[in-house]
Amino acid sequence: MIFSVPMEEGLVLAWVLFVTGLVGVIVRRDIIFILMSIEIMLNAAGLAFVIAGARWAQPDGQVMFIFIMAMAAAEVSVGLALVLQLYYRRKTLDVDSASGMKG
């Protein structure tokens, strides 16, 4: 038996996830939490693509989700390098201290 989630409910879930990630980016000052919030926002966009693709029985949504996951992996690797450099130079993970880094 195939169970299908209605498109409206899936898009509401994607919207809630995206807003949760956006609030995390705006409110938190710790770079780790900001990166995790960006990941939540990317997953919300991927969920919306998959739901839209399932609605019209096209694999396009799943293909876009694979691209989003590849972009998220690249973002994690670059973000981790930035976090390590920030902690190595400033001994803190506060985003405000990163504004003092030059060169």
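What comes next concerns the included structure. Every value quoted in this text rests on a predicted model; they were computed, and no experiment measured them. Every chain is numbered independently, its residues counted from 1 as its sequence is written. Local features are withheld for residues below a pLDDT of 70 in this predicted model, meaning they are given only at 70 or higher, and side-chain atom pairs are given and counted only at 80 or more; totals for whole chains, interfaces and linings count all residues. Where side-chain values are given, they derive from all heavy atoms of the structure, hydrogens and water being excluded.

### Some words on the overall build of the protein chain
Thinking step 1. Looking only at helices and strands, one finds four helices and zero strands in the protein chain.
Thinking step 2. Counting from the N terminus, the helices are the DSSP runs of H or I reaching at least four residues and the strands are the DSSP runs of E reaching at least two. Secondary structure elements of the protein chain occur, N-terminal to C-terminal, as α-α-α-α.
Thinking step 3. Each radius of gyration reported is based on C-alpha atoms, and the globular scaling rule is 2.2 Å times the count of residues to the power 0.38. Against the 2.2 N^0.38 benchmark of 13 Å for 103 residues, the protein chain shows a C-alpha radius of gyration of 17 Å, more extended than a compact globule.
Thinking step 4. By principal-axis analysis of the C-alpha atoms, the protein chain measures approximately 55 × 25 × 20 Å.
Thinking step 5. The burial tally for the protein chain puts 22% of its 103 residues in the buried class. Accessibility here uses a 1.4 Å probe with only protein chains present; expressed as a share of the type maximum, an area under 20% marks a residue as buried, one over 50% as exposed, and anything in between as partly exposed.

### Observations concerning the packing of aromatic side chains
Thinking step 1. Two aromatic rings, drawn from Phe, Tyr or Trp (for Trp, its six-membered ring), form a pair once their centres lie within 6.5 Å of each other, and the interplanar angle then sorts them: stacked below 30 degrees, edge-to-face above 60, tilted otherwise. Following the criterion strictly, the structure yields zero aromatic pairs and no others.
Thinking step 2. Charge over a ring is defined by NZ of Lys or CZ of Arg lying within 6 Å of the ring centre and within 35 degrees of the ring normal. Residue placement shows Arg28 over the ring face of Phe33; its charged tip is 4.0 Å from the ring centre.
Thinking step 3. Sitting above the plane of the Tyr87 ring, Lys91 keeps its charged end 5.9 Å from the centroid.

### Brief notes about the packing of helix 2 (residues 31-55) against helix 3 (residues 60-90)
Angle between the axes and distance between the axes are the two parameters that describe a pair of packed helices.
Thinking step 1. In this analysis an axis means a line fitted to C-alpha atoms, helices contributing only their contacting stretch, and an angle means the value between N-to-C directions, from 0 to 180 degrees. Interaxial distance between helix 2 and helix 3 falls to 9 Å at its minimum, and their mutual angle equals 175°. Considering their axes alone, helix 2 and helix 3 lie roughly antiparallel with respect to each other.
Thinking step 2. Basically, the charged four are Asp, Glu, Lys and Arg, the nonpolar ten are Ala, Val, Leu, Ile, Met, Phe, Trp, Tyr, Cys and Pro, and anything else, Gly included, counts as polar. Taken together, the residues of the contact of helix 2 with helix 3 break down into 18 nonpolar, six polar and two charged. The scheme is simple: roughly parallel for angles under 35 degrees, roughly antiparallel for over 145, roughly perpendicular for 65 to 115, oblique for anything else.

### Let's talk about the side chain of Glu39
Thinking step 1. Relative to the elements of secondary structure, Glu39 occurs in helix 2.
Thinking step 2. Asp and Glu are treated as the negative residues and Lys and Arg as the positive ones, with His and the ends of the chain left uncounted. For this document, the term salt bridge refers to a Lys or Arg side-chain nitrogen within 4 Å of an Asp or Glu carboxyl oxygen. One buried charged residue, Glu39, remains without a salt bridge, the closest side chain of opposite sign being Arg28 at 16 Å.
Thinking step 3. Residue contacts follow a heavy-atom distance rule, with two residues in contact if any of their heavy atoms lie within 4.5 Å. Setting aside its immediate chain neighbours within four residues, Glu39 contacts Ala72, Glu75 and Val76.

### Topic: the environment of Trp56
Thinking step 1. Its location among the elements puts Trp56 in the loop between helix 2 and helix 3.
Thinking step 2. As for Trp56 and Val23, which are separated by 33 residues in sequence, their C-alpha atoms are 31 Å apart.

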